[in-house]
Amino acid sequence: MTEPNLASIDRIELMQTFIRIVEAGSLSGAAVRLGTSQPTISRRLQTLERLLGLKLLQRTTHIMKLTDDGERCYSHAKSLIDSWNTMADDLRGATDEPRGLLRVLVPHAFGQDQLIKPLKEYLRRYPKMSVEWMLNDRRPDFIAEGIDCAIQVGAVTDPSVVAILLAEIPRIVVAAPERLAGKPIPTHPEQLQGFQWLALNSFYRNEVVLSHKTDGEIYRLAIQPQLSTDSLYALRNAALAGLGAGIASTWVISDDLAQGRLVHLTPDWQGLPLPIYLVYPHASFYPARLRAFLDIMRQAMPSLAGTQSPTKLSRFKRS
């Protein structure tokens, strides 16, 4: 193979590749994120090492780690690429059209239903964009996984990220009509003591917290759930099957209520609404593709079926 002419090499590309190798933890991982082959990534790394006259990575069959020179190179490369991106963004101006790939982690249930509408609008408005839409309820490691941003339902406790409050999800107590056994619908939470319960592990396990719609009174009810799950769909289906009462997001059970398949218990009381955040890591530069996605989500989220604008209290806290 012909040796590359070092004078003609794209040094920015080499630095970007090196950053991806470090963040992905492997050459193959960097290849996936950059949409190229592992041999190409390996050649770029070798070219960078020849260009600098330094060994940047130590690789064995099982591990890859940075040398001391590699650590310094990574720090300088990050700073250089951030400065380059900031300069390019400033020169292009606010009219820069988003293009490329946006990798987004979204909640499993919400991400395949309610969020498809604003996603469609994003792709319609910016046809040069493509999106990798990952459905998972876990919290992401943005740098290691190469994720641009995440939609997170529930509290954000990581101080290393930016969390933009977009909307809230109302929640109510529901059960199948058969669970009432012909009795009147409970009107106060204390009347729920005798019910079998379903728990959604992500947000409640052994205690149900309800608030009064009018005066905001809080009522706490200890429960011993017959079924616990981390899936909102599984909770809904278990409620439909008559396995017990549960607290569900209104968007997922609205049709069931309208058709009489589920009953709204204690209608003057509701579960505490869940905040919806757009989360991304702190950086000195945010690409147009991320800024445009944030703008669309901010506009669309409060108007989606089953969401509401944040309460005044929620605007001043992350949970």
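Note that the coordinates shown come from a computational prediction; the quantities given were computed from them, not determined experimentally.

Draft legend 1. Structural context of the pattern of salt bridges. Overall, the coordinates contain 13 salt bridges when judged by the stated rule. In this structure, arginine 20 and glutamate 23 form a salt bridge, with 3.5 Å as the shortest nitrogen-oxygen distance. Here arginine 20 pairs with glutamate 23, and both are found in helix H1 (residues 11-24), just three residues apart, close to one helical turn. For arginine 20, a relative accessible area of 26% gives the class partly exposed. Residue classification places glutamate 23 among the buried positions, given a relative accessible area of 10%. The residue lysine 128 makes a salt bridge to glutamate 97 at a minimum N-O spacing of 3.6 Å. Taken together, the residues lysine 128 in the loop between helix H6 (116-125) and strand S4 (129-135) and glutamate 97 in the loop between helix H4 (68-92) and strand S3 (100-106) connect sequence positions 31 residues apart. Here lysine 128 falls in the partly exposed class, since its relative accessible area comes to 46%. Given a relative accessible area of 28%, glutamate 97 falls into the partly exposed group. It is possible to trace a salt-bridge network through shared partners that takes in Arg20, Glu23 and Lys78.

Draft legend 2. Structural detail: unusual backbone geometry. With a phi angle near 50°, alanine 181 is a residue other than glycine that sits in the positive phi range. Along the chain, alanine 181 falls in the loop between strand S6 (161-175) and strand S7 (198-200). On the basis of relative accessible area, alanine 181 is assigned to the exposed category, the value being 63%. Positive phi, normally seen in glycine, also occurs at threonine 266, with a value near 40°.

Draft legend 3. Spatial organisation of H6. Among the residues of H6, those classed as buried are Pro118, Leu119 and Tyr122. For H6, the angular spread of buried residues about the axis comes to 105°, placing them on one side. Facing away from the buried side of H6, by more than 90 degrees, are the exposed residues Lys117, Lys120 and Arg124. Buried residues along H6 sit against S3, S4 and helix H10 (288-300).

Parameters at a glance
Residues numbered from 1 in each chain as written. Predicted model: local features only at pLDDT ≥ 70, side-chain atom pairs only at ≥ 80, totals over all residues. Heavy atoms only, no water. Salt bridge = Lys/Arg side-chain N within 4 Å of Asp/Glu carboxyl O. Helix = DSSP H or I, 4+ residues; strand = E, 2+ residues; numbered from the N terminus. Buried < 20%, exposed > 50% of the residue type's maximum accessible area, 1.4 Å probe, protein only. Arc of directions from axis to C-beta. Contact = heavy atoms within 4.5 Å.

From the geometry alone we can't say anything about function, so treat these as descriptive.
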